[in-house]
Amino acid sequence: MMLTPGLRFNEIGHLTIEGLDAVSLAKEYGTPLYVINEKLIRNNCKRYTSFISDNFKAGSFPCYASKALSCLEIYRVMKEENMGVDVVSGGELYTALKAGFPSERIFFHGNNKTPDELNMAVKNNVGRVIVDSLTELQTLNEIAIELNCKVKIGLRIKPGIEAHTHDYIKTGQIDSKFGFSIENGEALSAVKTALNCSNLELCQLHCHIGSQIFDTQPFADAVEVMLGFFAKIYSETGIWIKELNLGGGLGARYIDTDSPLEIEEYLTPVANALHEACQKMNIPEPVFHIEPGRSIVGEAGTTLYTVGNIKEIENVRTYVSVDGGMADNIRYALYKADYTVLNASRSSGNILNNATIAGKCCESGDLIQEGVDLIKPEVGDTLAVLTTGAYNYSMASNYNRSLKPAMIMVNDCTHRLIIKRETYDDVLKNDI
Ligand SMILES: Cc1ncc(COP(=O)(O)O)c(C=O)c1O
């Protein structure tokens with residue numbers, strides 16, 4: 001049975017998370033409940049920051065991709081761990097600022113930032129705006145002129161490498177809504193346009209090659225392609241771009257057969273590729289940034305549910321229905337994402353094979369997982385879905401006027417509420 005770090009079964013057969021009985025947590029806070037392992041998150045951050053400060057140029061740091069999980073407390077943790085953060089909307093930026101996150105370590109992404117969002121970013125002196133289109137270059141320059149300031153920017157580049165889990169392609173990949181393609185010349189022309197913008201300072205080139213990647217080669221290839229592009233820019237303009245940002249993408253373990261790389265295993269070949277390419281091409285080493293999301297918070301999350309009913313349809317399947325579903329975890333309904341589901345109330349007993357874990361939303365596709373083997377649950381048992389720290393709460397909705405669950409942080413046998421459960425009045429608060 002797969003368990004994520006910090007999870008065990010105790011002597012009474014209950015799942016524990018960082019030493020805390022999951023069944024007791026479910027009783028105390030109610031379900032569904034997002035349980036976030038703070039210790040694991042902090043440890044992951046430390047591994048990223050220390051490897052990067054030891055192996056890359058001074059000034060390099062990792063930025064947590066906060067789209068994976070955004071709330072006040074996570075930005076406070078990131079601040080304490082000396083991370084940067086990546087935000088992709090006014091809402092994420094607002095949350096980071098409200099949490100007191102230092103604005104100069106915020107990188108602002110997005111393929112269609114609104115003028116209001118750009119204004120907000122400039123007024124709050126975000127560290128970098130990662131520009132995604134020529135329209136944005138122009139709008140941002142106009143805003144900077146109006147506010148009489150110089151804005152530090154990056155450009156989102158399509159390096160022609162696209163990777164997901166085990167396989168990747170090294171071809172055009174021009175067809176993406178994000179960024180400027182090297183292959184068809186639009187990236188070079190965007191660089192030249194950016195260099196001519198009076199109130200923008202082009203500091204960084206950025207790429208993001210995919211998510212849930214288990215292989216180092218696509219990252220090493222991306223480094224080489226990007227640095228080749230740095231050299232091309234120099235030969236055309238006489239300017240060296242100072243920073244390389246490789247985006248996110250390192251995978252997390254959702255099921256037994258997943259084998260994500262350790263953080264250091266992933267970063268070592270990236271560092272080697274960068275050092276070697278700089279030597280080979282005789283180019284100055286850039287400051288290095290990455291934007292891990294899933295690999296920092298994914299395995300740190302466990303969602304607890306209560307079983308409400310069990311429907312055995314003879315010769316068809318058994319539905320185990322829980323008190324949450326696609327409103328708090330859309331990923332199975334969206335793209336059949338794999339998850340490990342455990343009976344947190346029992347560590348032994350008969351196995352229920354091939355169960356379908358269903359949510360309570362009015363939608364047949366509202367499933368958490370199919371084909372699950374778990375210790376036969378009874379109504380009232382607590383079920384745990386593992387690796388729900390990334391892209392679960394951040395993708396949650398109020399479908400069926402579902403209340404967004406509470407979130408707690410656990411660390412060394414302590415627990416604290418960091419997001420309150422929504423109330424019916426919360427759901428009504430903007431209705432007129
Ligand atoms: C620009 C950018 N940076 C970082 C990330 C985080 O990726 P991951 O959670 O796979 O590390 C994403 C994910 O979509 C992204 O688009």
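Residues numbered from 1 in each chain as written. Predicted model: local features only at pLDDT ≥ 70, side-chain atom pairs only at ≥ 80, totals over all residues.

A. A look at the site of the ligand. Residues in close proximity to the ligand total 16 residues, the closest being Ala65, Ser211, Gly248, Gly293 and Arg294. Grouping the constituent residues of the shell around the ligand by class yields 5 nonpolar, 8 polar and 3 charged. (Near = placed C-beta within 6 Å. Nonpolar A, V, L, I, M, F, W, Y, C, P; charged D, E, K, R; others polar.)

B. Expanded view of the packing of helix H2 (residues 38–55) against helix H9 (residues 263–281). Contact geometry for H2 and H9: axes closest at 10 Å, N-to-C directions at 20°. With respect to H9, the axis of H2 lies roughly parallel. Both H2 and H9 take part in a crossing whose hand is right-handed. In this structure, H2 uses Asn44, Arg47, Tyr48, Phe51 and Asn55 to contact H9, whose residues at the interface are Ile263, Glu264, Leu267 and Ala271. (Axes fitted to C-alpha atoms, helices over the stretch in contact; angles between N-to-C directions. Helix = DSSP H or I, 4+ residues; strand = E, 2+ residues; numbered from the N terminus. Parallel < 35°, antiparallel > 145°, perpendicular 65-115°, else oblique. Left-handed = near helix turned anticlockwise from the far one by under 90°. Contact = placed C-beta atoms within 7 Å.)

C. Structural view of helix H6 (residues 134–146). The terminal C-alpha atoms of H6, which comprises 13 residues, lie 19 Å apart, in line with the 18 Å expected from a rise of 1.5 Å per residue. Three or more residues of H6 are buried, namely Glu136, Leu137, Leu140, Asn141 and Ala144. For H6, the angular spread of buried residues about the axis comes to 130°, placing them on one side. Exposed and facing more than 90 degrees away from the buried side of H6 are Thr135 and Glu146. Positive backbone phi, approximately 55°, marks asparagine 148, located one or two places after H6. (Expected span 1.5 Å × (residues − 1). Buried ≥ 20, exposed ≤ 12 C-beta atoms within 10 Å, placed from the backbone. Arc of directions from axis to C-beta.)

D. Region of interest: the domain arrangement of the protein chain. Domain boundaries in the protein chain define domain 1 (7–30 + 300–428) and domain 2 (38–297). Taking only C-alpha atoms, the centre of domain 1 and the centre of domain 2 are 33 Å apart. In this complex, domain 1 contributes 19 residues to the contact, which on the side of domain 2 involves 17 residues. When contributions to the side of domain 1 that touches domain 2 are tallied by element, the ones reaching two or more residues are strand E22 (406–411) and strand E23 (414–419). Broken down by element, the residue count for the side of domain 1 that touches domain 2 peaks at 4 residues, all from E22. Residue composition of the side of domain 1 that touches domain 2, grouped by class: 10 nonpolar, 6 polar and 3 charged. (Domains from an automatic or database assignment.)

E. Layout of unusual backbone geometry. Here threonine 31 and proline 32 are connected by a cis peptide whose omega angle stands at -5°. Turning to its location among the elements, proline 32 is positioned in the loop between helix H1 (22–29) and strand E4 (33–37). With phi around 55°, asparagine 125 is a residue other than glycine that occupies positive phi space. Within the secondary structure, asparagine 125 sits in the loop between helix H5 (115–123) and strand E8 (128–131). Despite not being glycine, asparagine 315 shows a phi value in the positive range, around 60°. Locating asparagine 315 in the fold gives a position in the loop between strand E16 (301–313) and strand E17 (317–322).

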